[in-house]
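Chain and residue survey
As a plain string of letters, each chain reads:
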Amino acid sequence: MRQYATFNLDQSLFGMDILQVKEINQVLDITPVPLAPPFVRGLINLRGQIVTILDLGARVGLSPRNIGPDSHNVILKTNAELAAIRTLVDAGHLQTSPDMIGLLVDGIGDVVEGQESQMAPPPANMGELEGRFVEGVLKLENELMVLLNTQELLRVDA
């Protein structure tokens, strides 16, 4: 049984393994980065650490996010932080980035549990969403949750 942090983009529910999430915070002042790819929203200063904020909507092929009262940053653990917990839990498959990265999302959902065996492959027609960023879908009680492939999402050359 795995736990997933969930969040919204447009009207869709997305999720990722909770072990990858360091913290979730309200949107802070984001400083734009000149000449950065369109999905790089900018940088924030989080308690003295510089965090690159990716616009998750723009990254996965949706429209860029409009920051509103429910917008949040999902701050991911670095690969070094994940390595430190690998001896305690089954997290060998999880990877993020060597640097601190945050994902700008429209809203935060609940933590949900699901079996990996219940995960279905991504549908052939994902609409505007780029399929390479989707690990699969998980049927919850009332809706489908799209599981993100974080490793692909954070690839520099992608």
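Here goes a summary of the coordinates provided.

Reading guide: rules and limits
- One numbering rule holds for all chains: residues counted from 1, following each sequence as written.
- Only residues with pLDDT of at least 70 are given local features in this predicted model, and only at 80 or more are side-chain atom pairs given and counted; all residues enter the totals for whole chains, interfaces and linings.
- Side-chain numbers come from the whole structure's heavy atoms, not from hydrogens or water.
- Numbering of helices and strands starts at the N terminus; helices are DSSP runs of H or I of at least 4 residues and strands are runs of E of at least 2.
- Think of it in three bands: with a 1.4 Å probe and only protein chains considered, a residue is buried below 20% of the maximum accessible area for its type, exposed above 50%, and partly exposed in between.
- Counting of polar contacts relies on pairs of N or O atoms within 3.5 Å, with two restrictions inside protein: one atom must be capable of donating a hydrogen and the other of accepting it, and residues adjacent in sequence are counted only when both atoms are side-chain atoms.
- Contacts are assigned to residue pairs with any non-hydrogen atoms lying within 4.5 Å of each other.
- The salt bridge criterion pairs a side-chain nitrogen of Lys or Arg with a carboxyl oxygen of Asp or Glu, the two atoms within 4 Å.
- Think of it this way: a Phe, Tyr or Trp ring, Trp meaning its six-membered ring, pairs with another when their centres are within 6.5 Å, and the plane angle makes it stacked under 30 degrees, edge-to-face over 60, tilted otherwise.
- By definition here, charges over rings are those cases where NZ of Lys or CZ of Arg is within 6 Å of the ring centre and within 35 degrees of the ring normal.
- Only buried residues count toward a nonpolar core. Its members are Ala, Val, Leu, Ile, Met, Phe, Trp, Tyr and Cys residues joined through side-chain atoms within 4.5 Å.
- For two strands to pair, DSSP has to find at least two bridges joining them.

1. Section: the side chain of Ser 71
Here Ser 71 lies in the loop between α1 (56-59) and β6 (72-76). On the basis of relative accessible area, Ser 71 is assigned to the buried category, the value being 4%. At 2.8 Å, the side chain of Ser 71 and the backbone nitrogen of Gly 68 are in polar contact. Each residue touching Ser 71, except ones within four places of it in the same chain, is listed here: Gln 26, Val 27, Asn 66, Leu 104, Val 105 and Asp 106.

2. So, the pattern of salt bridges
Two side chains bearing opposite charge may form a pair once their charged atoms approach each other closely. Taken as a whole and judged by the stated rule, the model has nine salt bridges. Between Asp 55 and Arg 65 there is a salt bridge whose closest N-O contact spans 4.0 Å. Residue Asp 55 is located in strand β5 (residues 49-55), and its partner Arg 65 is located in the loop between α1 and β6; the two are separated by ten residues in the primary sequence. For the salt bridge of Arg 132 with Glu 152, the shortest nitrogen-to-oxygen distance reads 3.7 Å.

3. Overview of the packing of aromatic side chains
Evaluated as defined, the whole model comprises zero aromatic pairs. The cationic tip of Arg 59 hangs over the ring face of Phe 39; the distance from NZ or CZ to the ring centre is 4.2 Å.

4. Let's talk about the nonpolar core
Phe 7, Leu 56, Val 60 and Leu 103 are the most contacted members of the largest nonpolar core, which has 25 residues in total. Secondary structure elements with two or more residues in this core: β1 (2-9), β2 (12-17), β6, β7 (101-105), β10 (134-139) and β11 (144-148). Residues contacting Leu 103, with those up to four places away along its chain left out, are Met 16, Leu 54, Leu 56, His 72, Asn 73, Val 74, Leu 76 and Leu 153. Counting eight residues, the second-largest nonpolar core is a separate cluster that includes Ile 30, Leu 46, Met 100 and Leu 104.

5. Description of the sheet that holds strand β8 (residues 107-114)
If you walk across this open sheet you meet the six strands as β8-β1-β2-β11-β10-β9, and the pairing is mixed. A strand with exactly one partner marks an edge of an open sheet, and here the two such strands are β8 and β9 (119-120). Across three bridges, the pairing between β2 and β11 is parallel. What sits directly across from Gly 15, in β11, is Leu 147.

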